[in-house]
Amino acid sequence: MPPAAGSNLGYKPPDGGWGWAVVFAAFISIGFSYAFPKSLTIYFKEIQEYFSVSYSEIAWVSSVMLASMYAGGPVSSILVNRYGSRPVVMVGGIMVSVAMVLASFGTTIIHLYLCVGVIGGFGLAFNLQPALTIIGTYFQVKRPIANGLAMTGSPVVLSTLAPLNQFLFDSFGWRGSFLILGSIVLNCCVAAALMRPVNKCAQPNPNTDSPQFNGAVTEGADADTSTELANPLPGECQDESKSKSCCSKFIDLSLFRHRGFLIYLSGNVVMFFGFFAPVVFLAPYAKHQGTDEYSAALLLSIFALVDMFIRPITGLIGNSKWVRPRIQYFFSFAVSYNGICHLLCPLASGYKGLVVYAVFFGSAFGMLSALLFEVLMDLVGAHRFSSAVGLVTIIECGPVLLGPPISGALVDIFGDYKYMYYACGILMLLPGIFFFIMHYYNYKKLEEERRQSTAGEMRTSEEAVQLKMDQNVKTTNETDR
Amino acid sequence: MKLLWAVSALLLSCWRTNASTAPNIITEPAEVRNQTSVELSCNLTDHSLPIKGSHWTHNGKIIEESKTTEDKSFTSLRLEKITYHSSGQYECVFHTDPEVKKTIEVKTVPHVSASKHSEHGNENDKGVMTCVSHGYPLPTDWVWFKEEDGNRKAIINGTGDRYEIKSTPNKTTLTINELSIDNDIGDYICSGTSELGTSVDKIYLRVRSRLAALWPFLGIVAEVIILVTIIFIYEKRRKPDEVNDGSAPLKSNSNANHKDKNVRQRNSN
């Protein structure tokens, strides 16, 4: 039985219906957020020659964009907590669009840093967090599938944008392409329009107070207040939804005392050092082994294709009744699987070995990406997810930005790629094992706390029944007299 | 006087013996110009030194197939179908102590090729065309032409501040500033000349109008606005129905009940 953590939401999420349209909208938003910075690299060579700058200066555009996207996380969380997902995504889409249009008229590289990097990055941050948050409000039972499907947006949009960017570049040059990309990114506003705030009144509340395996119920002190709003009256519905405890806070810093959140954060910080580097270096490593440029690009396509299909499949597996209660173990397995893949990569010989590695790595990467935010939702609950994801992204900013350059430095120092793969493998295997151990401990503690709380409830309910019986006896005695 | 003669004769004989003891390689031919195939050969005239083998190099890179450990003083290399790939400096190296070698130059007409045969530029922006050259020897002179009505018009560096030509032996770049659609569209010819001859290549320059990208942009923006409007209208039309489902039926039901009650009461009365 999937855990009924929705009982602390105060309403029953639709788990379907308009939720699937919201998943599609999140698919688009998440897709643009992750794929857009990567796909812009196609223009870099031309822009580098146009402005006569060095390669590292042009690579800064990508880094500034990624940094802004991660740093904008908390700002985005605050805005989502205050205003809901839809306005924030709308603003985000317009921001990125305006940024690209301004960049197309840019005359120096600094213009690109500011427009594409800072404004564009913030706009993408305003797309990413709300999209993830709104899935948590629409889905409870089918949430892993919804998350898996939404995260599939990243490889799909990347596979679409890459050839499209090449075509635009050949037809219109980089300035024209930026202008047209500005309009394409405006489709995020269409996604925003689809992100209708969930109707919290239309469904009757089942009032099933059976918190099974979710830490949010026992640990979230402020979440308990929402269980009191179990059956809101229709007339008061619109006002209640605004004053709900989940939405009125700016950002929930009490998360730093949440055990599950701290486990997730500490493991992720180490893991992200070795997360993106193997993707960045897959093609250069293949070329280093002697394959030609076309075959090296084919490896990346194989990787993206496997990634694309494994994400929804992971969502399905995560939703099954065997895995859902223990989804944290599934996540730990995914992290460790990544680590083992990288450790075994240097053993791959020849092009066929590299293809096998690309397939396994694609499946590992997809599995991890699909579960990345699902497990966070599972740990902190849909209420505090918005603040949680904001805090997580700003803290992960460092490892994400430093990971590839450090790996590159490793390759340069040793002159061989295998040390980088060993390092990335260890950096992913250790957090995986850490997650396994810590979540075993965490699940045990949660079981204890749950047993204590149900024992406490039973005691109070027994006392209440006893009191009632005494009262009845008293009244019957009185009426008898 | 006689002493002077004797000393000079001694010096001359010393020099002659030095010259004759230094290994002398006779190369055949001395230089190759514009031939389709040739056989290069080196003959080491001095047999006093032990020869452990020989090999050939092409532009500094050792030709693996030419390596031999035979102690022959004659070595040859056959070149079939000489193109600009195979032109360059060939060296025959004898594995003696110390090594002796001699260079034979194989020269061809330079091969000139454009980096891209079709270039794009934006109106009022700059357009850059590049030609590179391979082979040996590299061109010493680069000239750019614009083809107009079948005639070639030479472009001189700096005319009207719009044209800039930068040339190095293996690469030449023509930059046109402030492109205009009327004047600058057409074929451009780069020509490289070396001592052996001239070779040319053609590039077609396309100038995009400033507004070329504007139409797709406006089209997609219009599509986005239409979709957003449709979605919002659909939501507004559904929303009152949903709210009515929750609250209004309660009221209307109660009214109906009330009416029914009245009817029942009247009937009962």
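Residues numbered from 1 in each chain as written. Chains lettered and ligands numbered in written order. Predicted model: local features only at pLDDT ≥ 70, side-chain atom pairs only at ≥ 80, totals over all residues. Heavy atoms only, no water.

Peer 1: I tried to follow empty space enclosed by the protein on my own but got confused; where do I start?
Peer 2: By rolling a water-sized probe across the atoms, one finds the places where empty space is left. Residue and element names in this part refer to chain A. In total, this model carries eight cavities of 30 Å³ or more according to the counting rule given. Space inside the largest cavity adds up to approximately 120 Å³. If you go around the largest cavity, you meet 14 residues; those closest to its centre are Tyr-34, Met-151, Phe-275, Phe-276 and Ser-369. Elements represented by at least two residues in the lining of the largest cavity include exactly α1 (18-39) and α18 (350-414). Element by element, the count of residues in the lining of the largest cavity is highest for α18, at five residues. For the lining of the largest cavity, the class distribution of residues is nine nonpolar, two polar and three charged. (1 Å grid on protein atoms, 1.4 Å probe; cavity = no way out; pocket = protein on both sides within 12 Å on 5 of 7 lines; lining within 4 Å. Points joined across faces, edges and corners; volume = space filled by probe spheres on them. Helix = DSSP H or I, 4+ residues; strand = E, 2+ residues; numbered from the N terminus. Nonpolar A, V, L, I, M, F, W, Y, C, P; charged D, E, K, R; others polar.)

Peer 1: I would appreciate a short explanation of the packing of helix α2 (residues 44-51) of chain A against helix α3 (residues 55-71) of chain A in the present structure.
Peer 2: Two quantities define a packed helix pair, namely the angle between the helix axes and the distance between the axes. Residues and elements named next belong to chain A. Relative orientation of the contacting elements α2 and α3 amounts to 125°, with a least axis distance of 10 Å. What the angle tells us is that α2 and α3 run oblique. Here α2 runs over α3; the crossing is right-handed. On the side of α2, the interface is formed by Phe-44, Ile-47 and Gln-48, while α3 contributes Tyr-55, Ile-58, Ala-59, Val-61 and Ser-62. Among the residues making up the contact of α2 with α3, the classes are represented as six nonpolar, two polar and no charged. (Axes fitted to C-alpha atoms, helices over the stretch in contact; angles between N-to-C directions. Parallel < 35°, antiparallel > 145°, perpendicular 65-115°, else oblique. Left-handed = near helix turned anticlockwise from the far one by under 90°. Contact = heavy atoms within 4.5 Å.)

Peer 1: Got a minute to help me understand unusual backbone geometry in this structure?
Peer 2: In most cases, non-glycine residues show a negative phi, while peptide bonds are predominantly trans. Residues and elements named next belong to chain B. The omega torsion of the bond from Asp-97 to Pro-98 falls at 0°, within 30 degrees of zero and hence cis. Summarising the element assignment, Pro-98 is placed in the loop between β7 (88-94) and β8 (100-107). The step from Tyr-136 to Pro-137 runs through a cis peptide bond, and the omega angle for that step is -5°. Relative to the helices and strands, Pro-137 resides in the loop between β11 (127-134) and β12 (141-148). For Lys-81, which is not glycine, the phi torsion reads 50° and is therefore positive. Relative to the helices and strands, Lys-81 is located in the loop between β6 (74-79) and β7. With phi around 65°, Asn-124 is a residue other than glycine that occupies positive phi space. Mapped onto the secondary structure, Asn-124 falls in the loop between β10 (118-122) and β11.

Peer 1: Hey, could you run me through the sheet that holds strand β9 (residues 111-114) of chain B in this one?
Peer 2: Strand pairing within a sheet occurs via backbone hydrogen bonds; the two strands may be parallel or antiparallel. All names here are of chain B. Within the open sheet, the four strands sit side by side as β9-β11-β15-β14. Their pairing is antiparallel. Two strands lie at the open edges of the sheet, namely β9 and β14 (163-168), each paired on one side alone. With strand direction ignored, the average angle separating the axes of adjacent strands in the sheet is 15°. Pairing between β14 and strand β15 (residues 171-176): six bridges, direction antiparallel. Residue pairing in the sheet places Ser-167 in a bridge with Thr-172 of β15. (Pairing = 2+ DSSP bridges.)

Peer 1: Before we go on, may I ask you to explain the packing of aromatic side chains in this structure?
Peer 2: By convention here, two paired aromatic rings are described through the distance between centres and the angle between planes. Residues and elements named next belong to chain A. All told, the structure shown has 33 aromatic pairs over all chains when counted by the stated rule. Ring centres 6.4 Å apart and planes at 15° place the aromatic pair Phe-24 and Phe-27 in the stacked group. Of this pair, Phe-24 and Phe-27 both sit in helix α1, separated by three residues, roughly a single helical turn. Arranged with centres 5.5 Å apart and planes meeting at 80°, the rings of Trp-174 and Phe-178 form a pair that is edge-to-face. Here the residue Trp-174 and the residue Phe-178 both occupy positions in helix α8 (residues 153-185), the gap between them amounting to four residues, near one helical turn. Residue class for Trp-174 comes out buried when judged on its relative accessible area of 4%. Given a relative accessible area of 3%, Phe-178 falls into the buried group. Site record: aromatic cluster; members linked through ring pairs are Phe-272, Phe-275, Phe-276, Phe-281, Tyr-285, Phe-303, Tyr-357, Phe-361, Phe-365, Tyr-417 and Tyr-421. Looking at Arg-196, its charged tip hangs above the ring of Trp-18, at a distance of 4.0 Å from the centre. (Phe/Tyr/Trp six-rings, centres within 6.5 Å; stacked < 30°, edge-to-face > 60°. Buried < 20%, exposed > 50% of the residue type's maximum accessible area, 1.4 Å probe, protein only. Lys NZ or Arg CZ within 6 Å of the ring centre and 35° of its normal.)

Peer 1: Help me understand the sheet that holds strand β2 (residues 31-33) of chain B in this model?
Peer 2: All names here are of chain B. The sheet built from five strands is open, its strands ordered β2-β8-β7-β4-β5 with mixed pairing. Each edge of the sheet is formed by a strand with only one pairing partner; in this case those strands are β2 and β5 (61-62). Bridge analysis of β2 against β8 gives three bridges, and the strand direction is parallel. Considered in β8, the bridge of Glu-31 is made with Glu-105.

Peer 1: Explain the state of the cysteines here, please?
Peer 2: By definition, a disulfide is the covalent link that joins the sulfur atoms of two cysteine residues. This structure, assessed with the given rule, holds two disulfides over all chains. Disulfide partner of Cys-42 of chain B: Cys-92 of chain B, at an S-S distance of 2.0 Å. On the S-S bond that ties Cys-42 of chain B to Cys-92 of chain B, the torsion sits near -90°, and the link is left-handed. Taken together, the positions of Cys-42 of chain B in strand β3 (residues 38-44) and Cys-92 of chain B in strand β7 put the pair 50 residues apart, joining distant regions of the chain. Each member of the pair, Cys-42 of chain B as well as Cys-92 of chain B, carries the same accessibility label: buried. Numbered in order of appearance, the disulfide-bonded cysteines of chain B are paired 1-2, 3-4. There is no disulfide at Cys-341 of chain A, and the cysteine sulfur nearest it, in Cys-345 of chain A, is 8.6 Å away. Residue classification places Cys-345 of chain A among the buried residues on the basis of a relative accessible area of 1%. (Disulfide = S-S within 2.5 Å.)

Peer 1: Is there a simple way to explain the pairing of strand β4 (residues 54-58) of chain B in this structure?
Peer 2: Looking along a regular strand, one sees the side chains alternate between the two faces of the sheet. Residue and element names in this part refer to chain B. Here β4 lies mainly inside the structure; five of its five residues are buried. Along β4, one buried face is formed by Ser-54, Trp-56 and His-58 and the opposite face, lined by His-55 and Thr-57, is buried too. Bridging between β4 and β7 involves five bridges; their strand directions are antiparallel. Looking at the pairing, His-58 lines up with Tyr-90 of β7. Where β4 lies against β5, two bridges are found, and the strand directions are antiparallel. Across the sheet, Thr-57 pairs through a bridge with Ile-62, a residue of β5. The antiparallel pairing of β4 with β5 creates a hairpin that spans two residues between the two strands, and Asn-59 there sits at a positive phi of about 50°.

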